[in-house]
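Read off the chains here:
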Amino acid sequence: MKRKGKLAIQTLLTRLGNNPKKYLRSLNTPLFRTSTVVYKTVEEFLKFNAPVHTDGTYGRTGTPTVHELQNALAKLDNADECIVVSSGMNAITLSLLTFLNSGDHLLISDAVYPCTKRFIEEEFRRFNIEYTFYSVDSNPSEIRKLVQHNTKVLFLESPASGTFEVQDIPSIVKVAKENRIVTIFDNSWATPIYFQPFDHGIDVTIQSLTKYISGHSDLILGAITFKKKHYKKLHRTFLNFGTIPSPEICSLILRSLKTLHVRVEQQNKNGLIVAKWLEKQVKVAKVLHPALTSFSSHKLWKRDFLGSTGTFAFVLHNCNKKDVYKFINKLKLFKIGLSWGGYESLIIPYNPDRISNNNSLLTEFHVRIHIGLESPNDLIDDLDKALKYL
Ligand SMILES: *Cc1c(COP(=O)(O)O)cnc(C)c1O
């Protein structure tokens, strides 16, 4: 696998967050829970407790467990810094509110994670922040035309949530750089294993650690990763908003990182087996998976990504909403539920109305699927039986 840096990613993952010298020879980082940090003298206390933000004065700035996870995630992204926050959603809201002030303008694709969209539509008005949702299939020169004098942030998510279109990241980043616009990239789908945002010029990445990084559907956490020059601004909003992660959950993520590569690689393989099978079924009109050569933006995916994960979508042939519901209800192995990236296969109906303003690519009611760690043959059997009811 091509990746900048010295160690292969598999090797790096086995070492991240381990610091036996620092932690009484314990291979894994212990769980540190604390609110209060104590000092030998008043002078020492006053030095740390200066009227500026400093680390290590109080549990809210993070315990060693939190800091080890932040360092690990920064290294995984080949970035300088990382802040771990309470959820992926919190990583999105905090990074947007860090770089946007009253009177500023945000450019963002119309096929982002639906809750990202909802946050903007429901909350931005009272901050007096303007926004434009551009169609996810816009080319870079169409996006350039939407830049305003007050555009300060360009937010990208690629592949798109639920519909999986891949955007031309390097060309869009170029437009942003020409106009001194900060780029924020939601990398939850590919993870740093399959997409390295900083190699493509992105300024800030956010991740829902809830998904592939945790991999066990038992926690919620988010991360913001970035280069040093953004540290002061991001760290300030992080501390002022107080949206901190719990050290217990950070400790679980440090554990999950060790198996991240094996999990996503297996899900990548299983996902492709199922996607290729679905593509051959007469009752399936199309499969929305960036790694399939039949997919509209496959070439962009192939150029920029190092692999795919097991989350994709498909459209059933000539099926309305009721048919889609019926198909899903007949499945036995696939569970109906939100999120993805865990060990178990999940499925939900996806209503494009919810995500699209103006994009003709996204008009069909379809099915979003997450392939877990089960045998793909069992999953295919399950899908095959349910398709027969249509
Ligand atoms: C789930 C998700 C989020 C939000 O993450 P939470 O950890 O659930 O808050 C953000 N972006 C994408 C692409 C997601 O799928």
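Before reading on, note that the structure itself is shown above.
Residues numbered from 1 in each chain as written. Predicted model: local features only at pLDDT ≥ 70, side-chain atom pairs only at ≥ 80, totals over all residues. Heavy atoms only, no water.

A. Up close: the overall build of the protein chain. Looking only at helices and strands, the protein chain has 14 helices and 12 strands in total. Here the protein chain has a C-alpha radius of gyration of 22 Å; the compact-globule value for 390 residues is 21 Å, and the two agree. Overall, the C-alpha framework of the protein chain stretches about 75 × 50 × 35 Å when taken along its three principal axes. A burial count over the protein chain gives 55% of its 390 residues as buried. Considering only contacts in the protein chain between residues 6 or more positions apart, those separated by 24 or more positions represent 73%. For the protein chain, the distance from the average site of its 51 positive side-chain charges to the average site of its 36 negative ones is 4 Å. (Helix = DSSP H or I, 4+ residues; strand = E, 2+ residues; numbered from the N terminus. Rg over C-alpha atoms; globule rule 2.2 N^0.38 Å. Buried < 20%, exposed > 50% of the residue type's maximum accessible area, 1.4 Å probe, protein only. Contact = heavy atoms within 4.5 Å. Lys, Arg positive; Asp, Glu negative; His and termini not counted. Charge placed at Lys NZ, Arg CZ, Asp CG, Glu CD.)

B. View of the state of the cysteines. Here the structure, examined in full by the defined rule, presents 0 disulfides. In this model Cys82 remains outside any disulfide bridge; the closest cysteine sulfur is found in Cys250, 9.3 Å from its own. Assessed through its relative accessible area of 0%, Cys250 is described here as buried. (Disulfide = S-S within 2.5 Å.)

C. Representation of unusual backbone geometry in the model. The omega torsion across Ser158 and Pro159 is -5°, close enough to zero to call that bond cis. Here Pro159 shows up in the loop between β4 (151-157) and α7 (169-178). Notably, Asn78 is not glycine yet its phi reads approximately 55°, a positive angle. Positionally, Asn78 belongs in the loop between α3 (64-76) and β1 (81-85). Asn78 sits in the partly exposed class, given a relative accessible area of 30%. Although it is not a glycine, Arg180 sits at a positive phi angle of roughly 50°. Relative to the helices and strands, Arg180 resides in the loop between α7 and β5 (182-186). Classification of Arg180 as exposed rests on a relative accessible area of 76%.

D. Looking closely at the layout of surface pockets. A volume near 680 Å³ is recorded for the largest pocket. Lining the largest pocket we find 32 residues, and of these Tyr113, Pro114, Cys115, Lys211 and Ser339 sit closest to its centre. With 5 residues, the single largest contributor to the lining of the largest pocket is helix α5 (residues 114-127). (1 Å grid on protein atoms, 1.4 Å probe; cavity = no way out; pocket = protein on both sides within 12 Å on 5 of 7 lines; lining within 4 Å. Points joined across faces, edges and corners; volume = space filled by probe spheres on them.)

E. Representation of the site of the ligand. In the vicinity of the ligand lie 15 residues, with Gly88, Met89, Asp186, Thr210 and Lys211 positioned nearest. Taking Asp186, its side chain carries an N or O atom lying 2.7 Å from a nitrogen atom of the ligand. Within the side chain of Lys211, a nitrogen or oxygen atom sits 2.7 Å from an oxygen atom of the ligand. Computed on the free molecule, the ligand has an accessible area of 380 Å², of which 92% lies beneath the protein chains in the complex. Of all the cavities here, the one that holds the ligand is the largest pocket. Per-element tally for the shell around the ligand: the top contributor is helix α4 (residues 88-99), with 3 residues. Residue composition of the shell around the ligand, grouped by class: 6 nonpolar, 6 polar and 3 charged. (Near = heavy atom within 4 Å. Polar contact = N/O pair within 3.5 Å; in protein donor to acceptor, adjacent residues only side chain to side chain. Areas by Shrake-Rupley, 256 points an atom, 1.4 Å probe, with all protein chains shown as cover. Sits in = over half its atoms within 2 Å of the grid points. Nonpolar A, V, L, I, M, F, W, Y, C, P; charged D, E, K, R; others polar.)

F. Fine view of the packing of aromatic side chains. Summed over the entire model, instances satisfying the criterion amount to 11 aromatic pairs. Their ring planes at 25° and their centres at 4.5 Å tell us that Phe195 and Phe305 sit as a pair that is stacked. Separated by 110 residues along the polypeptide, Phe195 in the loop between α8 (191-194) and β6 (204-208) and Phe305 in the loop between α12 (298-304) and β9 (311-316) bring together distant segments of the chain. Overall, the relative accessible area of 0% leaves Phe195 in the buried class. We classify Phe305 as buried; its relative accessible area is 6%. Of the aromatic side chains, those joined through ring pairs into one cluster are Phe119, Phe124, Tyr131 and Phe133. Sitting over the ring of Phe133, Lys117 keeps its end group 5.0 Å from the ring centre. For the cation-ring pair, Lys330 lies above Tyr389, with the distance from its terminal atom to the ring centre recorded as 4.4 Å. (Phe/Tyr/Trp six-rings, centres within 6.5 Å; stacked < 30°, edge-to-face > 60°. Lys NZ or Arg CZ within 6 Å of the ring centre and 35° of its normal.)

G. Main features of the environment of Thr210. Looking at where Thr210 falls in the secondary structure, it is placed in the loop between β6 and β7 (222-226). Take Thr210: its relative accessible area is 12%, and that puts it in the buried class. Separated by 130 residues in the primary sequence, Thr210 and Asp80 have C-alpha atoms spaced 22 Å apart. Those residues within four positions of Thr210 in sequence are excluded, and the remaining contacts are Gly215, Leu219, Ile220, Leu221, Ser339 and Trp340.

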